[in-house]
Amino acid sequence: MSPQPQAAVGAPLSRVDGRLKVTGQAKYAAEHDIDGVVHAVVVDSTIARGRITGINTRAADAQPGVLGVISHLDKPRLVYRDNPGAWLDPFVGERLHVFQDDKVLFFGQPVAVVVARTLEAAQHAADLVKVSYDAEQPSTDMEASGAPQNDPLPQQNYTRGNPDEALASAEVKVEGTYRLARNHHNAMEPHATIARWDGEKLTVWDKTQWTLGARDELAAVFGIPAENVHVISPFVGGAFGNALRTWPHVTIAALAARQIRRPVKLALTRKQLYYGVGYRPAYEYGLSLGSTRSGRVTAAVHRIRAETSSYENYAEGAMVPGQMLYATPHVRQTYRTVPLDVNTPTFMRGPGYSTAAFAIESAMDELAHELGIDPIELRLRNEPQEDPSNGLPFSTRRLRECLRVGAREFGWHRRDPGPRSRRDGDWLIGTGMASGAYDTLRMRSEARVRLDADGTALVQASTSDMGPGTYTSMTQLAADALGLTMRTVRFELGDSTFPASPPHGGSQTMAGVGSAVQDGCDKLRRQAIELAVEDERSPLHGVDADDVVVRGGRLHARGNSGRGETYRQLLARNGRTHLEVTGTFAPTGDDRFSMYAYSAVFAEVAVDRRLGLVRMRRMLGVYDVGRIISPKLADSQALGAMVGGMGQALLEHTVTDHRDGRIVNANLADYLVPVNADVPDLKAIYLDGEDRHADPIGVKGLGEIVKVGVAPAIANAVFHATGKRVRELPITAEALI
């Protein structure tokens, strides 16, 4: 079939849903107007470990408008059967069973819920619920002496070559322990759920990155068929990974709605977001590198520890970069989790990879300084020809080009390699860089495409949009594939009754859902063309189908634009109200190629020599992520990730009082995130290219890779400015004075 003209794909178009968002017409989870809705407020535990000995609800029950208080004392019926659809979950063990017993496993655990006619009545009544406990001393400090460690899972031990011997005989060695603080997502939209039962059928309006995952989890918890659960989530106001899982408050909302027999709305407060949903876990990452004096890294030993909850074992892909980023012949990795009396961590942008990048890329910078080799040159000398972890060829690997383009555009050649070599008054100026990689994840996807008699198209998939612009990018793909304008295509998402899509996370939506949209639109266009060329009344009758293209909703012969007709004319003449197909994508080639996206990040900082304050001056990221569907959205992704990386490197730190497990900065006043005044000159460059081994549309995910490498680039710039190597994030003024 002839290729279609590309008018929308690759164009820097604004978001199709932008007007809805800026005018307040986009409805988020808590904003849906459901008849008869009442309000729920969760009562949280005030201890981190122990048992509930009593719950006094008399004062709460007596308040006007209160409809009920639910806790484990009511013995609510929940099934918690195995969820066959939870194939994404990396969790091992039992999930939290809300209101099923008197155990308290972490500070802030839901212990009761109050339902009232108004939010204010529910909030007041929740304050009146008195809970007594038999408290025990919690374990919340991963670095406390004697903290237990889980045995590594089989996939969490890795060895190739003889790392101990190679490290012992290495001409040059560097060794360090890198620590990363726990980070919370702090998205603009708090988590919220509205639940309504109609007999044995449940509808929920939820903040979720996976409508099908939420559907299957609720079906498993309540012991009902998945088809009896309808999840609706048309807009998500940021998530960064913490809406990939169905958290306890969703179950609580549905349980309350069943008990009270009314639709129930439950929205978490900002404070509850620090306990009720996950976070990026704290890490301790020990790394030893051995190399030749010429800069060939011969050995790497990684010792990784990360916090998890006592009731689930959360682990993420922190080991992968150490296996494939550099051509190191001798590698050993051990990844242990430390079970604590805390709630379970979860995915946060660039999960695992961004953590590992801080340790690996900081250590590479240390090695470059020890050897007197330029940091870029050291990385180039250790570029692999094939994936050293499995021997597979890379589908594409243009990290060399990322490094060279970045060095040229950033002006790296002007850099004096000596620390403290550049000043601007009282400010010490430093530059640093780091490389990064992220898995090209792809999963099976479907999309429904319908062309109506009026010449407009509707495309549907159950995927989500937490901010990267799914509505827009899918509309761009569909418009070009169907030969329509953007304004005549409508893309709908966020509904579990739409065709199946994978989780909206892991940078896989464009590859999976986008390929399904492309497939469906190609099939439908072909169907319309074949209808025309076989119709004796059509101007295109007898034309080879491969010689027909569509532009602006009009089919015409290639090279003869006067010979053709519109979709509307074709469907009207044939008495069709619409044409409809389902597009699919199933990934192939997993066993033939190693597939990753790559980054090279460059940063310039200024450090006050007396106060130790770090200020960003500029940042550049260069990325190998295949074909760019929407340049404006891609730029937004990269710049947002740079800002997030600044937070990780310099500001973000969840602080726990280990005496009782309380998070002391559970608010946006004390948990610091970058603001506009912190954001300097940012620039992103995407290498022109595509990866057809990965998927039919040639894309690689970019939402995660743009975060990987940002924090170590900043840390390396701080070292260059000050001569002080800081191995702990966030980098504080105290560490530099």
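Quick caveat, the model's predicted, so the values are computed rather than measured. (Residues numbered from 1 in each chain as written. Predicted model: local features only at pLDDT ≥ 70, side-chain atom pairs only at ≥ 80, totals over all residues. Heavy atoms only, no water.)

Draft legend 1. Fine view of the overall build of the protein. When helices and strands are tallied, the protein shows 17 helices and 30 strands. Its C-alpha atoms give the protein principal-axis dimensions of roughly 80 × 75 × 50 Å. When the 737 residues of the protein are sorted by exposure, 61% land in the buried category. Residue pairs at least 24 apart in sequence account for 82% of intrachain contacts in the protein once pairs closer than 6 positions are excluded. As presented, the protein carries roughly 28,200 Å² of accessible surface, and 48% of it is formed by carbon and sulfur atoms. (Helix = DSSP H or I, 4+ residues; strand = E, 2+ residues; numbered from the N terminus. Buried < 20%, exposed > 50% of the residue type's maximum accessible area, 1.4 Å probe, protein only. Contact = heavy atoms within 4.5 Å. Areas by Shrake-Rupley, 256 points an atom, 1.4 Å probe, with all protein chains shown as cover.)

Draft legend 2. Focus on the nonpolar core. Core analysis: the largest hydrophobic core is formed by 94 residues, its most contacted members being Leu-289, Val-605, Met-619, Tyr-686 and Ile-714. Ranked by the residues each element gives to this core, the list is headed by helix 9 (residues 353-371), at 11 residues. Setting aside chain neighbours within four positions, we find Met-619 in contact with Val-601, Phe-602, Ala-603, Met-642, Asp-681, Leu-682, Lys-683, Val-710 and Ile-714. (Core = buried A, V, L, I, M, F, W, Y, C linked by side-chain atoms within 4.5 Å.)

Draft legend 3. Spotlight on the sheet that holds strand 20 (residues 489-492). Taken in spatial order, the 4 strands make up an open sheet running 20-19-18-24, and their pairing is mixed. Either end of the sheet is taken by a strand with one partner, and the two such strands are strand 20 and strand 24 (578-585). Each strand axis lies, on average, 15° off the axis of its neighbour in the sheet, ignoring direction. Of the pairings in the sheet, the one linking strand 19 (residues 457-460) to strand 20 comprises 4 bridges and is parallel in character. Directly across from Leu-458, in strand 20, lies its bridge partner Arg-490. Where helix 12 (residues 470-482) meets the sheet, its contacts fall on strand 18 (445-452), strand 19 and strand 20, and the angle it forms with strand 20 comes to roughly 135°. Packed onto the sheet, helix 13 (residues 509-533) meets strand 18, strand 19, strand 20 and strand 24 and runs at close to 145° relative to strand 24. (Pairing = 2+ DSSP bridges. Axes fitted to C-alpha atoms, helices over the stretch in contact; angles between N-to-C directions.)

Draft legend 4. Expanded view of the packing of helix 15 (residues 631-650) against helix 16 (residues 710-722). Relative to each other, helix 15 and helix 16 sit at 55°, their axes nearing to 8 Å. Our classification of the angle between helix 15 and helix 16 gives oblique. At the point where helix 15 passes helix 16, the crossing takes the right-handed sense. The segment helix 15 lies against helix 16, with Ala-641, Met-642, Gly-645, Met-646, Gln-648, Ala-649 and Leu-650 engaging Val-710, Ala-711 and Ile-714. By residue class, the composition of the contact of helix 15 with helix 16 is 8 nonpolar, 2 polar and no charged. (Parallel < 35°, antiparallel > 145°, perpendicular 65-115°, else oblique. Left-handed = near helix turned anticlockwise from the far one by under 90°. Nonpolar A, V, L, I, M, F, W, Y, C, P; charged D, E, K, R; others polar.)

Draft legend 5. How the structure looks around the environment of Thr-497. Structurally, Thr-497 is set in the loop between strand 20 and helix 13. For the pair Thr-497 and Asp-102, spaced 395 residues apart in sequence, the C-alpha separation works out to 37 Å. Looking at Thr-497, its side chain comes within polar contact range of the side chain of Asp-495, at 2.6 Å. (Polar contact = N/O pair within 3.5 Å; in protein donor to acceptor, adjacent residues only side chain to side chain.)

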